[in-house]
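# Topology and contacts: notes
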Amino acid sequence: MPLITFSLTLFRPISLKMLTHNSMMNLLFTIALAIVLAGALPKNVMGQGVSVPGLVTPAFFNGIINQAPAGCAGKNFYSRDAFLKALNSYPQFGKLGSADDSKREVAAFFAHTTHETGYFCNKEEQNVPATENYCDTKFTDYPCTPGKRYFGRGPLQLTWNYNYGAAGKSIGFNGLNNPEIVATDPVISFKTALWYWMQNVRPSVTQGFGATIKAINGAVECNGKEPAKVQARINLYTKYCGQFGVSPGGNLQC
C-alpha cells in the first residue's frame, strides 16, 4: 500500500466572511480528514501510557525506601534518579494498552522490586550458601566464568548465568565476567530489572497481578507453596494501585 502523507498548516485567525465557498470546503475537508486519520491510528501499539515519572514521584519512591532500616546497603544505592536514567532505555515501560493498564504495570513493577529487595534495602541476595553459584552449564551460550557467582542482585534480584549473560549483552556490560556491577552501578542495576521485566514479565501484566508473580517466582511461591510471600506481594501491589488511583483488577493470586 503506498504511503499517504499529509500536513496541517497553521494559520492565523480569519473571518469566515473572508473564505470563499471552495476554501471553506477545503478547510472542512482537512479538519475531517485529520479527525478520521487520528481515530484510525492503532491505539495499542505502544499503549496510551502514562507519565511514569509523574507516578514515580520523589514522594512515592521515598515512601518505599524510607521504610528500609538505616543500615541497609541499598539505602545509598537505589534512587529515583537512577531509576529514571534507566527508564530512558525502556521507553515502552508504562505504555501498555489503556492508562489504567499502564498504571497497573508500574504498580506491579514496584510491588515486586519492593518485595525482592525489602523496600530497597538489599542490593544482593541474602544468605546465599557458599557453594551456590547459580551456574547452569546447559546454557552454553552463556558459559560461567570460574570464580564468579550469579546469585540475585538488583531490584528484581537478577539470577543465573544465562540471565546475567543475556542482560549484559542487551544492556552493554559483561554480565558473565562482571556480575558484581549489578550491585555497584545503580543505573545498570535498574536497567537489569527493566530488561528482565520487559523480556519475561511484561507479556503477563494484562493477565492480572497473579500472572506476574508466576513470571517472576512462580515455581517457588505459587500453587500454595509460599502463600505468605504471595500475599505480601499482593498487598504491596494493591497499595501502590491505590496510590496511583487505579483498581488492581482481577486474578491477583497465583
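Residues numbered from 1 in each chain as written. Predicted model: local features only at pLDDT ≥ 70, side-chain atom pairs only at ≥ 80, totals over all residues. Heavy atoms only, no water.

## Things to note about the confidence of the model for the chain
Mean pLDDT over the chain stands at 86; residues scoring 70 or higher make up 81%. Note that pLDDT drops below 50 for residues 1-25; the model gives that stretch eight contacts with residues more than four away or on any other chain. Considering only residues more than four positions removed or in separate chains, one finds that residues 27-47, a stretch of pLDDT under 50, has 14 contacts. (pLDDT = per-residue confidence, 0-100. Contact = heavy atoms within 4.5 Å.)

## Section: the state of the cysteines
Enumeration according to the criterion identifies three disulfides in this entry. The disulfide partner of Cys135 is Cys144, and the gap between their sulfur atoms is 2.0 Å. Between Cys135 and Cys144, the S-S dihedral sits near 110°, and the bridge is therefore right-handed. Each sulfur of the disulfide joining Cys222 and Cys254 lies 2.1 Å from the other. Taking the torsion about the sulfur-sulfur bond, which here is approximately -95°, the covalent link between Cys222 and Cys254 counts as left-handed. Remark: Cys254 occurs in the segment after α9 (227-244) and Cys222 occurs in the loop between α8 (209-221) and α9; sequence separation between them is 32 residues. For Cys222, a relative accessible area of 1% corresponds to the buried category. The connectivity of the disulfides in the chain is 1-2, 3-4, 5-6, where the numbers refer to bonded cysteines in sequence order. (Disulfide = S-S within 2.5 Å. Helix = DSSP H or I, 4+ residues; strand = E, 2+ residues; numbered from the N terminus. Buried < 20%, exposed > 50% of the residue type's maximum accessible area, 1.4 Å probe, protein only.)

## Notes on the environment of Gln199
By the element assignment, Gln199 lies in helix α7 (residues 186-201). Judged by its relative accessible area of 52%, Gln199 falls in the exposed class. Separated by 32 residues in sequence, Gln199 and Ala167 have C-alpha atoms that sit 9.8 Å apart.

## What to know about the UniProt feature "domain: Glycoside hydrolase family 19 catalytic" (unreviewed entry) in the chain
The sites that UniProt annotates as "domain: Glycoside hydrolase family 19 catalytic" (unreviewed entry) are residues 72-94 and 188-198. Taken end to end, residues 72-94 is 35% helix and 0% strand, and its first and last C-alpha atoms sit 29 Å apart. (UniProt positions renumbered as here; feature names shortened; annotations may be inferred.)

## Observations concerning the nonpolar core
Core analysis: the biggest nonpolar cluster contains 61 residues, and Phe83, Phe93, Phe109, Phe110 and Trp197 have the highest contact counts within it. Put simply, the parts of the chain that give this core at least two residues each are α2 (52-55), α3 (58-65), α4 (80-87), α5 (99-117), α6 (161-171), α7, α8 and α9. With eight residues, the top contributor of residues to this core is α7. Contact partners of Phe109, with chain neighbours within four places excluded, come to Phe83, Phe93, Leu156, Ala193, Leu194 and Trp197. (Core = buried A, V, L, I, M, F, W, Y, C linked by side-chain atoms within 4.5 Å.)

## Here we look at the side chain of Gln157
By the element assignment, Gln157 lies in the loop between α5 and α6. Overall, Gln157 belongs to the buried group, its relative accessible area being 10%. Residues within four places of Gln157 in sequence aside, it is in contact with Glu116, Asn122, Lys123, Glu124, Glu125 and Gly152.

## A few points about the environment of Thr192
Its place among the elements puts Thr192 in helix α7. The residues contacting Thr192, other than those within four sequence positions of it, are Leu158, Ile171, Phe173 and Val182.

## Re α4
For α4, the full list of buried residues reads Ala82, Phe83, Leu84, Ala86 and Leu87. Looking at the buried side of α4, the elements it contacts are α2, α5 and α7.

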